[in-house]
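Listed below, chain by chain, are the residues.
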Amino acid sequence: MKYPAIQNYINGRFVSVTTSKTMNVVSPLDGNLLSTVPMSSGKDLDDAVKAAQAAFPAWSKTPIKERVQVFFRYKFLLEKHLKELAELCSEENGKTYGESVAEIEKCIELTEFATSLPQLVQGELLEVSKGVECRTEHAPLGVVASIVPFNFPAMVPNWTIPNAIALGNCMIIKPSEKVPLSCGKIAELLKEAGLPDGVFNVVHGDVEIVNAICDHPDIEAVSFVGSTKVAKIVYQRATSNYKRCLSLGGAKNHLMVLPDAIPDMTAQNVAASMSGCAGQRCMAASAMVGVGNIDHIVAKICDEARKIVPGENLGAVINKESQERIESYITQAEKDGAKILVDGRNAKVAGKENGTYVGPTVIDYVTPNMSVAREEIFGPVISIMRTNTVDEALAIENANPYGNAASVFTQNGGMARYIIEKASAGMIGVNVGVPVPREPFSFGGWNESKFGVGDITGKSSIEFWTKLKKSTIKWNAEAGVNWMS
Ligand code: NAD
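Residues numbered from 1 in each chain as written. Predicted model: local features only at pLDDT ≥ 70, side-chain atom pairs only at ≥ 80, totals over all residues. Heavy atoms only, no water.

Notes on the overall build of the protein chain
A tally of helices and strands in the protein chain yields 16 helices and 20 strands. The C-alpha radius of gyration of the protein chain comes to 24 Å, within 12% of the 23 Å expected for a compact globule of 485 residues. By its C-alpha atoms, the protein chain is 80 × 60 × 40 Å across when sized along the principal axes. Across the 485 residues in the protein chain, those meeting the buried criterion constitute 58%. For the protein chain, the accessible area works out to roughly 19800 Å², and carbon and sulfur atoms hold 53% of it. Charge-centre separation for the protein chain: the mean point of 48 positive side chains lies 3 Å from the mean point of 53 negative side chains. (Helix = DSSP H or I, 4+ residues; strand = E, 2+ residues; numbered from the N terminus. Rg over C-alpha atoms; globule rule 2.2 N^0.38 Å. Buried < 20%, exposed > 50% of the residue type's maximum accessible area, 1.4 Å probe, protein only. Areas by Shrake-Rupley, 256 points an atom, 1.4 Å probe, with all protein chains shown as cover. Lys, Arg positive; Asp, Glu negative; His and termini not counted. Charge placed at Lys NZ, Arg CZ, Asp CG, Glu CD.)

Have a look at this one:
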């Protein structure tokens, strides 16, 4: 085992859990055992909540300009430890080192945004009648929880940590049991940055802890990122306990390629979007709808896909179960009559025979009823459908239940504008394969890709992590004036 057994992080210390149940943490790159992760109990969660509650009065009363000083230091620590964090992220998740570096750079950008919160969060003040002021201020919620998925072990936690904590909350994070190592390192860096004990806590586990978070009476808000199936469970359970909840789910992102698209640029973007992070991005292109004759672009997409080599510029998928699921989708498409132009099944990497790799896969002549067209595959696979008109392409995109992202490749500005208006997705790309909004813009999909109001990052997150206090103030300078009259 490469690393010591993982522990929870509560009140500024790494601590053992009260159960003996653990799971192995295995690197998808080569199948080697990295560590074990504990399955915490409700009692362990309760300890974390108590620590967070104890830290809340002092932390929430610390002026925000002082609170963000922690995140200035945290940003420099992320930069200083970038290589170490990227290696850890790559080992536990299976993505390439370069992709992990990009992930840590995104954590730095998210933290930079949090340091700007004092400039964005100030309240409003207006004299509403003579001598009477109304003012608003953003108050923190209290103890909040963040439940995160496996595909971005460092970035998704940092979607929530800097903003929620800089805004005055105390947090408990529940990492994915598949990639629990990065959150331990994040805890160490936050402590080194000067975050008071108890403000940030890590509780490891699986379903049982997620349920306990949704049920805990002293947790005010829950953010969740993961599959739609679990996003719905968490949203229902947390809100039925009267908590604030923002729950981000899965995706099936469509790229619409028009005949006037620039062939090389389009092909490079499609291939990069479908295969980056081994297709395990909620913003990955999973389906492509070609309008009219796009054979010349499909040929170039295949050329680009063939340059993507497992173990070189393509990482592993998270585990054997995922590998088998992705390969079975490809096999099913073949049985259904689609044409496999580039086949990623049975990928092997010399010296890493226990790694879980799937090569880039291009499937053409897919029809909208096939499972590869309808379902989230979460692997380096693009399913190409053909239509004659933009409206037919939009109908296919809009029929899918998700709504994270949609992109169009064209040189026609009017057509791009039309698609921006008509596509039912929260994040739209024009000649961009992975249209993730950069800070200060916020991240969040529509439809079955998100449950709850607002978005998880950027300015929108201020509304989620705070509640407004509205004060009406009158000093008796003119005692005879009755403002109510
Ligand atoms: P997942 O839903 O299996 O797990 C997410 C979290 O929920 C984990 O911490 C896990 O321990 C917990 N969990 C799993 N099953 C549970 C259950 N039955 N009840 C309660 N908790 C449970 O997701 P994953 O496989 O880790 O991540 C991949 C999924 O996340 C994909 O669907 C992807 O699209 C989605 N995702 C979405 C976004 C977004 O912004 N919308 C971002 C990243 C990932």
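Next comes the rest of the write-up.
Here we look at the confidence of the model for the protein chain
Atomic detail in the predicted coordinates should be set aside for any region of low pLDDT. Of the residues in the protein chain, 98% reach a pLDDT of 70 or more, and the chain-wide mean stands at 97. Mean pLDDT across the elements of the protein chain bottoms out in strand 5 (residues 125–129) (94) and peaks in strand 7 (residues 143–147) (99). (pLDDT = per-residue confidence, 0-100.)

Brief notes about the sheet that holds strand 17 (residues 405–409)
Read across the sheet, seven strands follow the order 14-15-16-13-12-17-18 without closing on themselves; strand pairing throughout is mixed. Each having just a single partner strand, strand 14 (339–342) and strand 18 (427–430) make up the two edges of the open sheet. Averaged over all adjacent pairs, the angle separating strand axes in this sheet is 20°, with direction ignored. (Pairing = 2+ DSSP bridges. Axes fitted to C-alpha atoms, helices over the stretch in contact; angles between N-to-C directions.)

Quick look at the environment of Glu 91
Relative to the assigned elements, Glu 91 resides in helix 3 (residues 82–93). Along the backbone, Glu 91 and Val 309 are 218 residues apart, and their C-alpha atoms lie at a distance of 18 Å. Excluding residues within four positions of it along the chain, Glu 91 makes contact with Lys 2, Tyr 3, Ser 27, Pro 28, Leu 29 and Leu 34. (Contact = heavy atoms within 4.5 Å.)

With respect to the nonpolar core
Grouped burial of nonpolar side chains is what soluble globular proteins tend to show. Ranked by size, the top nonpolar core spans 87 residues in total, and within it Trp 159, Ile 165 and Phe 200 carry the most contacts. Each of two domains, domain 1 (8–249 + 449–470) and domain 2 (253–430), supplies a minimum of three residues to this core. Each residue touching Phe 200, except ones within four places of it in the same chain, is listed here: Tyr 9, Ile 161, Ile 165, Met 171, Ile 173, Cys 183, Ile 186, Ala 187, Leu 190 and Leu 195. Grouped together as the second largest cluster of nonpolar side chains are 35 residues, Met 256, Ile 308, Ile 326 and Ile 340 included. (Core = buried A, V, L, I, M, F, W, Y, C linked by side-chain atoms within 4.5 Å. Domains from an automatic or database assignment.)

Overview of the sheet that holds strand 6 (residues 132–140)
Strand order in the open sheet formed by three strands is 5-6-20, with antiparallel pairing between adjacent strands. Each of the sheet's edge strands pairs with one partner strand only, and the pair in question is strand 5 and strand 20 (466–474). Strand-to-strand twist in this sheet, taken as the mean axis angle between neighbours without regard to direction, amounts to 30°. Examined bridge by bridge, strand 6 and strand 20 share nine bridges and lie antiparallel to one another. In the strand pairing of strand 20, His 138 is matched with Leu 468.

Quick word on the site of the ligand
Lys 174, Glu 177, Ser 227, Gly 249 and Glu 376 are the nearest of the 27 residues found near the ligand. Within the side chain of Ser 227, a nitrogen or oxygen atom sits 2.6 Å from an oxygen atom of the ligand. One nitrogen or oxygen atom from the side chain of Glu 376 is found 2.6 Å from an oxygen atom belonging to the ligand. Burial of the ligand by the protein chains amounts to 89% of its free accessible area of 840 Å². (Near = heavy atom within 4 Å. Polar contact = N/O pair within 3.5 Å; in protein donor to acceptor, adjacent residues only side chain to side chain.)

Let's talk about the pattern of salt bridges
By the definition in use, this model includes 27 salt bridges. The shortest N-O distance in the salt bridge between Asp 303 and Arg 306 comes to 3.6 Å. Of this pair, Asp 303 and Arg 306 both sit in helix 11 (residues 295–306), three residues apart, which is roughly one turn of the helix. Judged by relative accessible area, which is 42%, Asp 303 ranks as partly exposed. With a relative accessible area of 52%, Arg 306 lands in the exposed category. For the salt bridge of Lys 450 with Asp 455, the shortest nitrogen-to-oxygen distance reads 3.0 Å. On the basis of relative accessibility, which here comes to 16%, the residue Asp 455 falls in the buried class. Here the salt bridges do not stand alone but share partners, grouping Lys 106, Glu 109, Arg 438 and Glu 439 into one network. (Salt bridge = Lys/Arg side-chain N within 4 Å of Asp/Glu carboxyl O.)

Considerations on the pairing of strand 7
For strand 7, a buried count of five out of five residues is recorded, marking the element as mostly surrounded by other parts of the structure. Going residue by residue along strand 7, you find Val 143, Ala 145 and Ile 147 tucked away on one face and Val 144 and Ser 146 tucked away on the opposite face as well. Inspection of the sheet shows strand 7 paired to strand 8 (residues 170–174) by five bridges, in the parallel sense. Note on strand 8: the bridge partner recorded for Ile 147 is Lys 174. As for the winding sense of the linkage, the β-α-β connection from strand 7 through helix 6 (residues 155–166) to strand 8 is right-handed. (Right-handed = clockwise from strand over helix to strand, strands pointing away.)

What about the packing of aromatic side chains?
This model, assessed by the stated rule, comprises six aromatic pairs. Here Trp 159 and Phe 443 contribute two aromatic rings whose centre-to-centre distance is 4.5 Å and whose plane-to-plane angle is 35°, an arrangement assigned as tilted. Residue Trp 159 is located in helix 6, and its partner Phe 443 is located in the loop between strand 18 and strand 19 (450–451); the two are separated by 284 residues in the primary sequence. Like Phe 443, Trp 159 is buried. Seen in terms of ring centroids, Tyr 235 and Phe 451 are 6.4 Å apart; in terms of plane orientation they differ by 40°. Their pairing is tilted. Taken as a pair, Tyr 235 in helix 9 (residues 228–240) and Phe 451 in strand 19 lie far apart in primary sequence, 216 residues in all. (Phe/Tyr/Trp six-rings, centres within 6.5 Å; stacked < 30°, edge-to-face > 60°.)

Digging into the domain arrangement of the protein chain
According to the domain assignment, the protein chain consists of domain 1 (8–249 + 449–470) and domain 2 (253–430). Taken together, the 17 residues of domain 1 in the interface contact 22 residues of domain 2. Of the roughly 1500 Å² buried between domain 1 and domain 2 on both sides combined, carbon and sulfur atoms contribute 59%. Looking only at domain 1, the three residues that lose the most surface to domain 2 are Pro 28, Phe 150 and Ser 449, adding up to 31% of its buried area. Taken together, the links from domain 1 to domain 2 amount to zero salt bridges. Between the two partners, domain 1 and domain 2, sit seven residue pairs in polar contact (both at pLDDT 80 or more). (Buried area = accessible area lost by both parts, 1.4 Å probe.)

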